[in-house]
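The chain contents come next:
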Amino acid sequence: MVCGQGTTMVIGGLLERKIGSRLTILMGCAIHSLTAALSYFAIRSFYSLIITYGILFGFGIGIAYSPAMTLAMKWLPTYKGLVAGSVVAGFGLGAMVFNPIITSFINPNNTSPSYAPYPDHPSEKYFHDPEDSAILNRVPYCFLVMAGFFIILQTIGNLLLKSAPPVFDNFYESGVNGGSPSLQQDSSASDNLLHEAEPNEFTPLQLLKQRDFWILWFTFLCNNQGICYVSTYWKSVGQGFISDDMFLAAIGSAASIGNAFSRIIWGGIGDKLGFKVAMCTLQALFAMLYIVMFYTQHKWGYAIFVFCLFFCVGGSFSLLPAATIRSFGSLNATANYGLVFTSAVAGALINLLILNLTINNGMSHQHVQWIMATFLIVGCVNSAFFKFRGCPCARREARSGEYGYASVPYSE
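So, a few notes on the structure that sits alongside this text. Here the structure is a predicted model, which means the values were calculated and not measured.

This brings us to the overall build of the protein. Scanning the protein for helices and strands turns up 16 helices and zero strands. If you take every contact in the protein between residues at least 6 apart in sequence, the share linking residues at least 24 apart comes to 81%. Carbon and sulfur atoms provide 68% of the accessible area of the protein, an area that totals close to 18,700 Å².

End to end, helix α14 (residues 333-358) covers 38 Å across 26 residues, agreeing with the expected 38 Å (1.5 Å per residue, within 8%). Of all the bends in α14, the greatest measures close to 25° and is centred on L339.

All right, on to the side chain of T24 then. Residue placement: T24 occurs in helix α2 (residues 21-42). Among the polar contacts listed, one links the side chain of T24 to the backbone nitrogen of E16, at a separation of 3.4 Å. Once you skip the residues sitting within four places of it in the chain, T24 turns out to touch G12, L15, E16, I19, I63 and P67.

With that settled, consider the pattern of salt bridges. In this structure the tally under the stated criterion is two salt bridges. D212 serves as the salt-bridge partner of R211, at 3.5 Å between the closest nitrogen and oxygen. Taking the relative accessible area as the measure of exposure, R211 reaches 51% and is therefore exposed. The class of D212 is buried, set by a relative accessible area of 7%. Note that D271 is salt-bridged to R326, the shortest N-O span being 2.9 Å. On the criterion of sequence distance, the pair formed by D271 in helix α10 (residues 245-273) and R326 in helix α13 (residues 316-328) is long-range, its members being 55 residues apart.

Bringing the packing of aromatic side chains into the picture now. Under the defined criterion, the tally for this structure stands at 21 aromatic pairs. Between Y53 and F143, the aromatic rings sit 5.1 Å apart at their centres with planes inclined by 75°, giving edge-to-face as the arrangement. Taken together, the residues Y53 in helix α3 (residues 46-73) and F143 in helix α5 (residues 133-160) connect sequence positions 90 residues apart. We classify Y53 as partly exposed; its relative accessible area is 23%. F143 gets classed as buried once you look at its relative accessible area, which sits at 7%. Ring geometry for W266 against F311: centres 6.1 Å apart, planes inclined by 55°, an arrangement best described as tilted. On the criterion of sequence distance, the pair formed by W266 in helix α10 and F311 in helix α12 (residues 299-313) is long-range, its members being 45 residues apart. Every member of this aromatic cluster is reached through a ring pair, and the members are Y65, F220, F317, Y337 and F341.

Definitions and limits used
- Residues numbered from 1 in each chain as written.
- Predicted model: local features only at pLDDT ≥ 70, side-chain atom pairs only at ≥ 80, totals over all residues.
- Heavy atoms only, no water.
- Helix = DSSP H or I, 4+ residues; strand = E, 2+ residues; numbered from the N terminus.
- Contact = heavy atoms within 4.5 Å.
- Areas by Shrake-Rupley, 256 points an atom, 1.4 Å probe, with all protein chains shown as cover.
- Expected span 1.5 Å × (residues − 1).
- Bend = angle between axes of the 7 residues up to and from the residue.
- Polar contact = N/O pair within 3.5 Å; in protein donor to acceptor, adjacent residues only side chain to side chain.
- Salt bridge = Lys/Arg side-chain N within 4 Å of Asp/Glu carboxyl O.
- Buried < 20%, exposed > 50% of the residue type's maximum accessible area, 1.4 Å probe, protein only.
- Phe/Tyr/Trp six-rings, centres within 6.5 Å; stacked < 30°, edge-to-face > 60°.

Dropping the structure here:
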C-alpha cells in the first residue's frame, strides 16, 4: 500500500496541474473504493490481494492525497503545517472509526486467536480453520463494508470541496508566509513583503539537485522505520500478554486518536518553531519511546506506550509537506511532496528486509525496537543539517510591525 501511494503521489501532482484538484481527488477516490470492493474476490489469492488491496489501493490514496492537502493550504497560506496536519488527521481518525467497526463485524464474540504456527514465536497467534471458521468466513465481506463506507464519505467530501478565492490563491502561489492578504496596505510595503517572503520555485527535476530535498527525503526514510514497525507489530506484540481482543481494538482506536490529533499539534509546533526544532524533537521522543518500550508488560502501560508511539507517527505527515512548500515553493507543491514521499517506498522495503532478517530469525522484539531507535537517532542528526529558515510566525510578526501589515479576512 505504501509503495503504491508513494509511486503515484507525483502523478497526482501532475494531474492536478492538468485537470484541477476536484477531478484529481475524485479519480483517486474512485480507484480507492473500487479496489477495496474488488478485494472481496481477491482475498482467496495472496498475490491477488497484494495487487488490489496493496498496490492499486495505494494508487488511489496517492493520487488523491496531495491535491486535497494543497487545496486546503490555499485557504490558509499562513499556517501550512497546521493545515496539513488537520487534513491528514483524517487518516488517523479513520482508524479510530473503522477499527471497532471491523473488529465487531468479524469477531463479534471477542474470541482470542489460539493457533501459533511458529514455535519460535509462540506469542504470534492466528485464527484457524475449522475452529474459527465463522470468523474467517466474515473476512471477505469486511472489504465490501469498508468500500460502502468509503464511497459515502468520499462522495460527501468531494461535494464539499471548493477552490480558494483568487485573492487567497494568488498569495498562496507567491509563497507568502504572512497572514491573510491585506486589501488595504501600502503598495511599497506589499512589494517588500512579497519579496522577502517569496521562496524559489522548483520543478520536480530541479528538486533532485537540492541538498535540503535529500535531507527531507532521508529524514522521512528514517522515520518510516519507526512508523512501519509500530503499525505492523503493535497488536501482535500486545497479544503476547493481552488476551482480550476488544481491549486491543480499543488500544488501536485510542492510538488512532493520538495519531490524528498529533498531526495537528506537530503542524502547529512546526509553524511556531520551524521545521528543524519540531522534527528533531519528534525524532528524539520517538527514539526514547522505542528504547524503553519493551520494559512495559502491563496492559495499561502498553496502551499508553502505543498511544505515545502513534502520537509520534503523525508528526512526519504534517511537518514534511509544510517544509517542502516553504523550501521549494508552492507552484509545484503537490508533485514536489510526492517526490519526498517516495522515501516511504524505500523505507517500507528496508523495514521489510530488516524485519525478515531479525524477527524471522529469532531476534527478540526488544532488540528490533532498539534498531528502530537507532534509525530515528540517525534521522535526528540528519534533520539538524536542514537549512534553518527561521520561525514563520516570528517573521510574520516582524513584518507586521515594520510594514504596518493588517490582515483583512476575505468575504464574498
